[in-house]
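Structural features, examined
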Amino acid sequence: MTGQEAQPMTDLRFEVTKLNCGGCAGRAERALAGADGVDSASVNLANKTAQVSGSAGAATLQAALKAAGYPAAESHTRLAIEGMSCASCAARVEKALAGQPGVLRASVNLASETAEVVSLTGSTDASALAQLVTHAGYPAKPLQDAEATEDRQQVEQARLKRDLTVAAALTLPVFIGEMGGHLFPPFHHWLTMTLGQSTWWTIQFLLTTAVLIGPGRRFYRIGLPLLVKGAPDMNTLVALGTLAAWVYSTVALMAPGLLPDTARAVYFEAAAVIVTLILLGRFLEARAKGRAGAAIRHLVGLRPAMAMVDRDGTVTETAIEDIEKGDLLLARPGERIAVDGIVLTGRSFVDEAMLTGEPAPVEKAEGAGVTGGTVNGNGTLRYRAEAVGKDTVLSRIVALVEEAQGAKLPIQALADKVVLWFVPAVLALAALTTLVWLIFGPGLTFALVAGVSVLIIACPCAMGLATPVSIMVGTGRAAELGVLFRKGDALQRLDTVKLVAFDKTGTLTEGRPELSHAMAAPGFDVDEVLRLAASAEQGSEHPIAQALMRAAPDAPQPEEVTALPGLGLEATVESRAILVGAPRLMTARGIDTAPVADALDRTAQAAETPVLVAVDGQIAAVFGVADRLKPDARAAVAALKAEGLEVALISGDARPVAEAIARDLGIAHVTAEVLPEGKLDALRDLQQSFGAVAFVGDGINDAPALAAAEVGLAIGTGTDVAIESADVVMASGRVSGVVTAHHVSRHVMRNIRQNLFWAFGYNVVLIPVAAGVFYPLTGLMLSPMLAAGAMALSSVFVLTNALRLRGLGAGLSGTDRPDVPRQPDRPAALNAGE
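Labelled according to an unreviewed UniProt entry, the protein chain appears under the name P-type Cu(2+) transporter, originating from Sagittula stellata. The protein chain has a UniProt comment under Catalytic activity (unreviewed entry) that states "Cu(2+)(in) + ATP + H2O = Cu(2+)(out) + ADP + phosphate + H(+)".

Shown next, in the form of structure tokens:
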């Protein structure tokens, strides 16, 4: 919810950025003064703040400053909120926050019981926002991190368990006594004869009253004040329903003369059982919410509490919070890496599955980067801290997942609109039901039962939980699979995508050329020629030279090397004259290439770069160098096509190279020879032809396309600019992360639709039953106790359905870790005439 509507007359003071001189302050001041609803405005250059009076909303002021080039600073605040039991509670809190002067946006998550507030920096603070929510009837306080959320949820679970246990113990005798008598009349007669009806009713009164003022007090403490304020919620419905049953029964016990003879009955068991069942439902909800946030707790749990720090030659065990950037740390075998750093000494294999989802440990030696939370293998590593606290990769991942889990999807808009009027509508319907049955029904007792059943059966809880719980579980599971949704609404947008467009270099390919094919001319040994060519290339930084050197790492040092610009190089290696370069170098030196003509044709057809080598004036070999496909690229593209998506390739490479890659992968739509600024135009052409498009890239030149696509997916091993521009980040750097992201999106959206269908359908079907609409035809009437059980079941169903998303990934065995053999590090020799 945004704070765009005009506010009452107020004064706002907030920070303004990019003010460098008096002229800047003057322009910012004039921009504010010209905004609608502003009576007066002043900007102070010294402290970079603006003071505004009038009725303009925060969004209006922000837009005016942004247009002038001096955006207002924004602050993000998280609040922990207690007492929210349904979607109408969340909507009411959200509305209160969004109406606060200075607030730009507010989003309340019923599942995690938190609020995310974006405000103009300096206009308000976390304490003021928490006080505002508390005044609205829902105790709130600023929230620091996921650990605080977990602690709060555990406390709430313990409190609910205690209240449920007490309520059940007090309710059980009442329930058995009343319902046992209905099911087995002799038991009722024995109870009445033993205790007497007045005594038995008095016992029920005492036990039920204890339930209501003890465990059930939470409903009245929240629900009744909100009713007085004209803002009833789910607690109000429960409070009114149980109070109606208790008051009616108390009158029948203590002042029976006020009721007709036929209406003198008690419903203490209904009030007690309703409270107990709803407490049971909320306890199950709390447990399910805890499981829904398991991914965040798992990530936070990866952070070790202590680490071995070397300061001035003394190694001491130090709390993780006390580690500073630049500290020297030791990671012993089997320990978790404490913070992000660079290895100084030692060699070991580190399990990075928590970050990338890859099960194979990665070798770490001097100069390698290590990530906090990963697990060291059998060696000891000494490393320097490069990022600590909230700057570590793990902390940033936790922040990304929390942000995504707090998002509000467009699909939730309908539920939000419904719940704003739902509870008042239920109160009106309950009153109407009672009135109708009083006039046309059998009597007061029947009318009371129908009215209370309507109050209890109506459950906006499920509506409010339908979307956020699915998002929490889905994005958390995606993080465990190495896919980070930076923006929660990307979940819904990715489900609508018709085509996935890939960048080539560094996305579908490894991003560096490798030796792909090798063929020796008659009379030469391919391994020997490769060794000589790699020797000639020693010291060169050219990517093709690097590919040859990686293929023959034991090549000797050359005796002499001369670069031939635009052609290649000549060298003397072991007293032999070596020429390495393009075909035109051989032509220029008069060397006959006919013996390797077939190999040259094969290299051209594969869109590889040919490297020719001559030894002592004779053509010796042809090497094909190409940027290799990532091992999982083929399986990922095939999986996307199997899911009904079109796949396209956008590349700056020459068309033959791009088309060869596309043919290899089975991609039909190819846009090649595109300059960096042309990728955006290519993307827009695809959008016009196919509709919603997702773009996958990794480089700086991909950032505009990532931002412009309906969903931008960045390879996690790419540049920071690309990652910041994307909606989804694949931490593993694998192409199959795209398939995982789409799989998660599709299943989460399906899960949300199921939840919303159940939540709305439940109320559409059962509210008329509770009101007695079918009673004249079928004799079917819903008792308040059954209504309470059904209401609790509704929320539990939604939560349980959402928790099924924790199993996501089981069907991805062929895509997220495709069984595709890796290409060898160096090619097999091809004999002449093959």
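A few words on the overall build of the protein chain. The secondary structure content of the protein chain amounts to 31 helices and 30 strands. Sequence separation of at least 24 residues holds for 70% of the intrachain contacts in the protein chain that already meet a minimum separation of 6. On the protein chain, roughly 35200 Å² of surface is accessible, and the fraction owed to carbon and sulfur atoms is 58%.

All right, on to the UniProt feature "transmembrane region" (unreviewed entry) in the protein chain then. As annotated by UniProt and renumbered to match this structure, "transmembrane region" (unreviewed entry) occupies residues 164–184, 199–216, 237–259, 265–284, 418–440, 446–467, 756–775 and 781–803. In this annotation, residues 265–284 is assigned 85% helix and 0% strand; the end-to-end C-alpha distance for the span is 33 Å. Split by type, residues 756–775 is 85% helix and 0% strand. Its first and last C-alpha atoms lie 28 Å apart.

So, on to the environment of D310. Assignment of secondary structure puts D310 in strand β8 (residues 306–311). On the basis of relative accessibility, which here comes to 16%, the residue D310 falls in the buried class. Along the chain, D310 and L329 lie 19 residues apart, while their C-alpha atoms are 5.7 Å from each other. Dropping the residues within four chain positions of it, D310 is found in contact with V315, L328 and R382.

The next thing to look at is the sheet that holds strand β14 (residues 369–370). Judged by pairing direction, the sheet is antiparallel, and its six strands sit side by side in the order β9-β8-β10-β16-β11-β14 without closing on themselves. At either margin of the open sheet sits one strand with a lone partner, and together these are β9 (314–319) and β14. Here strand β11 (residues 340–345) runs beside β14; their pairing, made up of two bridges, is antiparallel. Its bridge partner lying in β14, I342 is registered against G369.

Our focus in this paragraph is helix α29 (residues 736–771). Here α29 spans 53 Å end to end across 36 residues, near enough to the 52 Å set by a 1.5 Å rise per residue. Of the residues one or two after α29, G772 is the one with positive phi, at around 85 degrees.

Here the focus is the packing of aromatic side chains. Enumeration over the complete set of coordinates arrives at six aromatic pairs. Ring centres 5.9 Å apart and planes at 25 degrees place the aromatic pair F205 and W246 in the stacked group. Of this pair, F205 sits in helix α7 (residues 197–213) while W246 sits in helix α9 (residues 234–254), and the two are 41 residues apart along the sequence.

So, on to unusual backbone geometry. The phi dihedral of D312 is positive, around 55 degrees, even though this residue is not glycine. Its place among the elements puts D312 in the loop between β8 and β9. Residue D312 is classed as exposed on the basis of its relative accessible area of 82%.

For a regular strand, the rule is simple: side chains alternate between the two faces of the sheet. Note: β11 against strand β16 (residues 381–387), five bridges, orientation antiparallel. Bridge pairing links D340 to A387 in β16.

Moving on: the packing of helix α17 (residues 468–480) against α29. To describe two helices that pack against each other, one gives the angle between their axes and the distance between the axes. Two elements in contact, α17 and α29, have axes whose closest approach is 10 Å; the angle formed by their N-to-C orientations is 165 degrees. With respect to α29, the axis of α17 lies roughly antiparallel. Pair α17 / α29 crosses with right-handed handedness. In contact with S470, I471, G474 and A478 of α17, α29 contributes V744, V748, N751, I752 and N755.

Cut-offs used in this document
Residues numbered from 1 in each chain as written. Predicted model: local features only at pLDDT ≥ 70, side-chain atom pairs only at ≥ 80, totals over all residues. Heavy atoms only, no water. UniProt positions renumbered as here; feature names shortened; annotations may be inferred. Helix = DSSP H or I, 4+ residues; strand = E, 2+ residues; numbered from the N terminus. Contact = heavy atoms within 4.5 Å. Areas by Shrake-Rupley, 256 points an atom, 1.4 Å probe, with all protein chains shown as cover. Buried < 20%, exposed > 50% of the residue type's maximum accessible area, 1.4 Å probe, protein only. Pairing = 2+ DSSP bridges. Expected span 1.5 Å × (residues − 1). Phe/Tyr/Trp six-rings, centres within 6.5 Å; stacked < 30°, edge-to-face > 60°. Axes fitted to C-alpha atoms, helices over the stretch in contact; angles between N-to-C directions. Parallel < 35°, antiparallel > 145°, perpendicular 65-115°, else oblique. Left-handed = near helix turned anticlockwise from the far one by under 90°.

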